[in-house]
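Structural overview for review
Each chain is listed here by its residues.
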Amino acid sequence: MDAQTPERMTLGKSDLHISPLGMGTNAWGFSRRGDPEKQSVFDAALEAGINFIDTAEIYSMGGSELTVGMALQKPHAHVIIATKFFPYPWRFIKSSLTAALRSSLKRLGLPKVDLYILHFPVPPVPLTTWVEGLADVYEAGLTRAVGISNCNAAQTSWAHDILRRRGIPLASNQVEFSLLTRKAERNELLDTCRELGVTLVGYRPLGYGILTGKYKPEDLPARLHMRTVTPDDLKKATPTIELLREYGQKYEKTPSQVALNWIICKGVVPIPGAKNPKQATENAGAMGWRLEAAEVEALDKASDSLL
């Protein structure tokens, strides 16, 4: 790959070509006067080679989509936008998914989205209803590809089969995945996605920031305590973080970049957030190189004690 050529991969069996690392926008709100900082983050991500941007209608109750939509008003080439449908309790019929997507498109200022995702398979509405709804919006030309999120291996296979009968590929499944959360490797989900040609997308890839190496057990931010992360959790993660630092020195990368690269080496697409342009650029530094197989295995073993 030429140094000037952005790294790209195919999302599932769709026609979408994305960077092997995306950017999540779940913390993005909305200001009617615009948000220059978020625009600069968006621009920095694209400039660094990231073209896969993930949002959802539930993020800031539509605020994230509005902010992404404002950022898109500035001309950009080949940006891949993913957003999600949230199955609120009052949504019972599949046509509500179509209506929700049309509202998302208005907020984004787009005629169609690149990837539309079922956010959660929430009862009592059966998964089949929402997957059929995804097929409907695909056939209506409102999205270029469809995906699911927070689905296990059995649900992924089920969704894949429902869509296959209508000649539509299941492009992705988005779940939590990091060195601290490797459930997808333990419950056959990652293997199932590989067998079906479905791309696994990993959110929260830096484990609430623990894998950045910036925090100490005795000085853990209150916001992490609120998310049930304890000083003891950080102590247990110390050997893994030290190994991230070691490999970071070898490759001239930060612990965060090594942690994200480990995910990429697993064939999973991490979607870290970014508070500022510097973070967006740093995240992008996880692309364009790969850890050696033995190093991936060593990180696996180091993180085994955290599972």
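Structure report, in brief. Just so it is clear, the model here is predicted, and its values are computed rather than measured.

Concerning the overall build of the protein
Counting secondary structure elements, the protein contains twelve helices and ten strands. A compact globule built from 307 residues should have a C-alpha radius of gyration of about 19 Å, and the protein, at 19 Å, falls within 12% of that. For the C-alpha atoms alone, the extent of the protein along its principal axes is close to 50 × 45 × 45 Å. Across the 307 residues of the protein, 53% fall into the buried class. Look at the contacts in the protein between residues 6 or more apart in sequence, and 78% of them connect residues 24 or more apart. Accessible area for the protein stands at about 13,900 Å²; split by element, carbon and sulfur atoms hold 53% of it. Each charge class in the protein was averaged separately, 36 positive and 33 negative side chains, and the resulting centres sit 6 Å apart.

Considerations on the pattern of salt bridges
Enumeration according to the criterion identifies 24 salt bridges in this entry. Of the charged contacts in the structure, one is a salt bridge between K74 and D43, with a shortest N-O distance of 2.9 Å. Of this pair, K74 sits in the loop between α2 (63-71) and β5 (80-85) while D43 is found in helix α1 (residues 36-47), placing the two residues 31 residues apart along the sequence. For K74, a relative accessible area of 41% corresponds to the partly exposed category. Residues K250 and E292 are paired through a salt bridge, measuring 3.3 Å at the closest nitrogen-oxygen approach. Of this pair, K250 sits in helix α9 (residues 231-251) while E292 sits in the loop between α11 (277-284) and α12 (293-304), and the two are 42 residues apart along the sequence. Using a relative accessible area of 47% as the deciding quantity, one classes K250 as partly exposed. Among the charged side chains, a salt-bridge network with shared partners connects R182, E185, R186, K266, D300 and D304.

A look at the packing of helix α5 (residues 153-164) against helix α7 (residues 189-196)
Two numbers describe a pair of packed helices, the interaxial angle and the distance between the axes. Remark: α5 packs on α7, axes separated minimally by 9 Å, with the N-to-C direction vectors making an angle of 20°. Regarding the angle of α5 to α7, the classification is roughly parallel. The chirality of how α5 crosses α7 is right-handed. Where α5 approaches α7, its residues A153, T156, S157 and H160 are matched on the opposing element by L189, T192, C193 and L196.

Some thoughts on the state of the cysteines
According to the stated counting rule, one finds zero disulfides in the structure shown. Free cysteine C193: the closest other cysteine sulfur is in C151, separated by 9.7 Å. Of all cysteine sulfurs in the structure, the one in C193 sits closest to C265, which takes part in no disulfide; the separation is 18 Å. Of the residues examined, C265 reaches a relative accessible area of 28% and is grouped as partly exposed.

Cut-offs applied
- Residues numbered from 1 in each chain as written.
- Predicted model: local features only at pLDDT ≥ 70, side-chain atom pairs only at ≥ 80, totals over all residues.
- Heavy atoms only, no water.
- Helix = DSSP H or I, 4+ residues; strand = E, 2+ residues; numbered from the N terminus.
- Rg over C-alpha atoms; globule rule 2.2 N^0.38 Å.
- Buried < 20%, exposed > 50% of the residue type's maximum accessible area, 1.4 Å probe, protein only.
- Contact = heavy atoms within 4.5 Å.
- Areas by Shrake-Rupley, 256 points an atom, 1.4 Å probe, with all protein chains shown as cover.
- Lys, Arg positive; Asp, Glu negative; His and termini not counted.
- Charge placed at Lys NZ, Arg CZ, Asp CG, Glu CD.
- Salt bridge = Lys/Arg side-chain N within 4 Å of Asp/Glu carboxyl O.
- Axes fitted to C-alpha atoms, helices over the stretch in contact; angles between N-to-C directions.
- Parallel < 35°, antiparallel > 145°, perpendicular 65-115°, else oblique.
- Left-handed = near helix turned anticlockwise from the far one by under 90°.
- Disulfide = S-S within 2.5 Å.

The values are spatial; any link to function lies outside them.
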